[in-house]
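Observations on the model geometry
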Amino acid sequence: MTVSLEVAEGVGTLRLDRPPMNALDIATQDRLKELAEEAARREDVRAVVVYGGEKVFAAGADIKEMQEMDHTAMVLRARALQDSFTAVARIPKPVVAAVTGYALGGGCELALCADFRIAGENAKLGQPEILLGLIPGAGGTQRLARLVGPSKAKDLIFTGRMVKAEEAREIGLVDRVVPADEVYTQAHAWAAKLAQGPAIALRAAKESIDTGLETDIDTGLAIERNWFAGLFATEDRERGMRSFVAEGPGKAKFL
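Thresholds, definitions, all that
- Residues numbered from 1 in each chain as written.
- Predicted model: local features only at pLDDT ≥ 70, side-chain atom pairs only at ≥ 80, totals over all residues.
- Heavy atoms only, no water.
- Salt bridge = Lys/Arg side-chain N within 4 Å of Asp/Glu carboxyl O.
- Helix = DSSP H or I, 4+ residues; strand = E, 2+ residues; numbered from the N terminus.
- Buried < 20%, exposed > 50% of the residue type's maximum accessible area, 1.4 Å probe, protein only.
- Core = buried A, V, L, I, M, F, W, Y, C linked by side-chain atoms within 4.5 Å.
- Contact = heavy atoms within 4.5 Å.
- Patch = residues over 30% accessible without salt bridge, like charges linked within 9 Å, V, L, I, M, F, W, Y side chains within 5 Å.
- Areas by Shrake-Rupley, 256 points an atom, 1.4 Å probe, with all protein chains shown as cover.
- Pairing = 2+ DSSP bridges.
- Right-handed = clockwise from strand over helix to strand, strands pointing away.
- Arc of directions from axis to C-beta.
- Axes fitted to C-alpha atoms, helices over the stretch in contact; angles between N-to-C directions.
- Expected span 1.5 Å × (residues − 1).
- Phe/Tyr/Trp six-rings, centres within 6.5 Å; stacked < 30°, edge-to-face > 60°.

When the charged atoms of two side chains with opposite charge come close together, those side chains can pair. One pass over the full model with this rule turns up 14 salt bridges. Note that Glu-34 is salt-bridged to Arg-31, the shortest N-O span being 2.9 Å. Taken together, the residues Glu-34 and Arg-31, both in helix H1 (residues 26-41) and three residues apart, mark about one turn of the helix. A residue is classified by how much of its surface remains accessible, and Arg-31, at 18% relative accessible area, is buried. Here the residues in one salt-bridge network are Arg-18, Asp-25 and Asp-62, joined through shared partners.

Right, let's talk about the nonpolar core for a bit. The biggest cluster of nonpolar side chains holds 46 residues, and the ones touching the most others in it are Leu-14, Phe-57, Leu-125 and Leu-173. When residues of this core are assigned to their parent elements, the largest contribution, five residues, is made by helix H3 (residues 71-89). In this structure, Leu-14 is in contact with Val-3, Ser-4, Leu-5, Leu-35, Ala-36, Val-48, Val-49, Val-50, Tyr-51 and Ile-91, ignoring residues within four places of it in sequence.

Quick look at a nonpolar patch on the surface now. Where nonpolar side chains cluster on the molecular surface, the patch consists of Met-21, Tyr-102 and Met-162 and spans about 250 Å² of accessible area. By secondary structure assignment, the location of Tyr-102 is in strand S5 (residues 102-104).

Moving on, we get to the pairing of strand S3 (residues 47-51). In regular strands, side chains alternate between the two faces of the sheet. With five of five residues buried, S3 is to be regarded as a mostly interior element. Residues Ala-47, Val-49 and Tyr-51 point to one face of S3 and Val-48 and Val-50 to the other, with burial holding for every one of them. Direction of pairing for strand S2 (residues 11-16) relative to S3: parallel, over a ladder of five bridges. For Val-11, the partnering residue across the bridge sits in S3 and is Ala-47. Note on the crossover from S2 through H1 to S3: the handedness is right-handed. The sheet contact formed by S3 and strand S4 (residues 95-99) spans four bridges and is parallel. Each residue of the ladder has a partner; that of Val-50, found in S4, is Ala-97.

Here the focus is helix H5 (residues 140-148). The set of residues buried in H5 consists of Gly-140, Leu-144 and Val-148. Down the axis of H5, the buried side of the element spans an arc of 20 degrees, and every buried residue falls inside it. Tucked inside the fold, the buried residues of H5 contact helix H4 (106-112) and helix H6 (150-159). Two residues or fewer after H5 comes Gly-149, characterised by a positive phi angle close to 95 degrees.

With mixed pairing, six strands are arranged side by side in an open sheet as S1-S2-S3-S4-S6-S9. The outermost strands of the open sheet, each flanked by one partner alone, are strand S1 (3-8) and strand S9 (176-178). Recorded for the sheet is a direction-independent mean angle of 20 degrees between the axes of neighbouring strands. Across four bridges, S4 lies against strand S6 (residues 116-120) in parallel orientation.

For the rest of this paragraph, the subject is helix H8 (residues 183-195). With 13 residues, H8 extends 18 Å between its outermost C-alpha atoms, agreeing within 8% with the 18 Å of an ideal straight helix rising 1.5 Å per residue. What H8 keeps buried is the set Val-183, Ala-187, His-188, Trp-190, Ala-191, Ala-192 and Ala-195. Tucked into the core, H8 has its buried residues touching S1, S2, S3, S4, S6 and S9.

Here three strands make up an open sheet; going across it, the order is S5-S7-S8 and the pairing mixed. Since the sheet does not close on itself, it has two edges, and those belong to S5 and strand S8 (162-164), each with one partner. On average, each strand axis in the sheet is tilted by 20 degrees relative to the strand beside it, whichever way the strands run. Pairing geometry for strand S7 (residues 124-126) and S8, over three bridges, is antiparallel. Note on S8: the bridge partner recorded for Leu-125 is Val-163.

Summed over the entire model, instances satisfying the criterion amount to three aromatic pairs. Ring geometry for Tyr-51 versus Tyr-184: centroids 4.7 Å apart, planes at 35 degrees, classification tilted. Of this pair, Tyr-51 sits in strand S3 while Tyr-184 sits in helix H8; the two residues are 133 residues apart in sequence, bridging distant segments of the chain. With a centroid separation of 5.0 Å and 5 degrees between ring planes, the pair formed by Phe-116 and Trp-190 is classed as stacked. With a gap of 74 residues between them, Phe-116 in strand S6 and Trp-190 in helix H8 connect regions that are remote in the sequence. Each member of the pair, Phe-116 as well as Trp-190, carries the same accessibility label: buried.

As C-alpha cells, this is what we get:
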C-alpha cells in the first residue's frame, strides 16, 4: 500500500510510502482519504503524525498520470483530490506533519493540512504548479494564504520557488526546524504528549479555531461559547478541575 496507518502510544502515523518521491497519484490520494477517516474514527488514535519517511515528504502529484488527463477528466477528479486532503485537515485530533526533504505541490498542500509542522534542516517546500501552467489544486491557494498571509502566499505561488527550512520557519510555513534525523522522533513526541490530554477538549479547541477562522468574529465567539459550555458535561472537565483543586495545575491524568 502507498499509505499506511500505524498506531503506537495513542499516536497514529499516516506514512506515505511510494518511492522514490512519494508522488501523490490517484491511488495514493484515495488511500490517504480512507486512512485519514479511519484515524478520525478510531478511539485508540488520539493524535496523528503525517510522515513521508527519512528522505522525502512528498514531491507532489504524479505528473505523468496527470498529463494524460484532459479537462473533462480533471473536472471529474478535482473534488476527490481536494477531499483526500480535506480528510486529513478534518481529523478532529491534533495532527503534526513531519517534513523531511521535498514537500512540493501536493506535498506542501498535505503539510498545510496539519495543525503543526516540524521540518528537517534538509526540507524544501513550495508550490511549483505555476511552472506547469497550473495553480495549486488541493487547497494550496486557500490554506497557504490563511497560514502565511496573502502576500507571502502569492510570492510562493506566483513564482513557484522553493523555500528552505529556515525561510519556511521565518514566514510561518513551518513551526520548528530540527536536524533531519530527529524529525519523526520529535513529531511523534509532540503528538504523544497531546495524546495524553483531554480528547474532547482538544477536539473542541481545534474545531473552534478552524471553523472560527472561516467566519466572522461574532459567529466564531458563538462556536467557542457553545463548545466551552458543552465541555462542562464531560468527565475530563470534572477530572481536570478536581485535580487542580486537590493537587494544583498540570497534574490531571486524562487516560
